Amino acid sequence: MAKFMDVHDGFVGVTAEQLNAAHDADLKIEGEEGVHFERAWLDPEAGKVFCLSTGPSKEAVMRVHERAGHPTTQVFELTAEV
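Read on for an overview of the structure. Note that the structure is predicted; figures quoted are calculated from it, not measured. Counting starts from 1 at the beginning of each chain's written sequence and moves along it residue by residue. Restriction of local features to residues with pLDDT of at least 70 applies here, the model being predicted, together with a cutoff of 80 or more for giving and counting side-chain atom pairs; totals for whole chains, interfaces and linings are based on all residues. Hydrogen atoms and water are omitted, and side-chain values are computed over all heavy atoms in the structure.

Here we come to the side chain of Asp 6. A run of H or I in DSSP becomes a helix once it reaches four residues, and a run of E becomes a strand once it reaches two; helices and strands are each numbered from the N terminus. Mapped onto the secondary structure, Asp 6 falls in strand E1 (residues 2-8). As used in this structure description, the phrase polar contact means that two N or O atoms lie within 3.5 Å; if the pair is within protein, one of them must be able to donate a hydrogen and the other to accept it, and residues adjacent in sequence are counted only when both atoms belong to side chains. Of note is the side chain of Asp 6, whose polar atom sits 2.9 Å from the side chain of His 8. In terms of polar contacts, Asp 6 uses its side chain to reach the side chain of His 65, at 3.0 Å. Contacts were defined at the residue level, with two residues in contact if any of their heavy atoms lie within 4.5 Å. What Asp 6 contacts, discounting residues up to four positions off in sequence, is Phe 37, Val 49, Phe 50, Cys 51, Val 61, His 65, Thr 72, Gln 74 and Val 75.

Over its 14 residues, helix H1 (residues 16-29) extends 21 Å from the first C-alpha to the last, a length consistent with the 20 Å expected when each residue adds 1.5 Å. Type-normalised accessible area, obtained with a 1.4 Å probe on protein chains alone, sets the label of each residue: buried when under 20%, exposed when over 50%, and partly exposed for intermediate values. Taken together, the buried positions of H1 are Leu 19, Ala 22, His 23, Asp 26 and Ile 29. Seen from one end, H1 has its buried residues packed into an arc of 135°, which puts them on one side. Exposed residues on H1 whose side chains face more than 90 degrees from its buried face are Glu 17 and Lys 28. Residues of H1 that are buried make contact with strand E2 (36-43), strand E3 (48-55) and helix H2 (58-68). One less than the residue count of a helix, multiplied by 1.5 Å, gives the span that helix is expected to have. Regarding the arc, it is the one traced by the directions from the helix axis to the C-beta atoms.

So this is what it looks like as structure tokens:
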């Protein structure tokens, strides 16, 4: 499985509880696309959310986020790790 990092904009002022609810929405449907969301990080001042996942393709990651209600086109495949 490939590893991906995606970035969401527009989360200014979001709380940790709201981030958790968005992450839970992904977890409820991730298996339908063969994706697993491992972690999510929030910067509420910049309005950014970063999600780490594994899956078959960036398109599969994008479909889960779209269906969960927080779409993004900023999905990056992570091909090297140190």
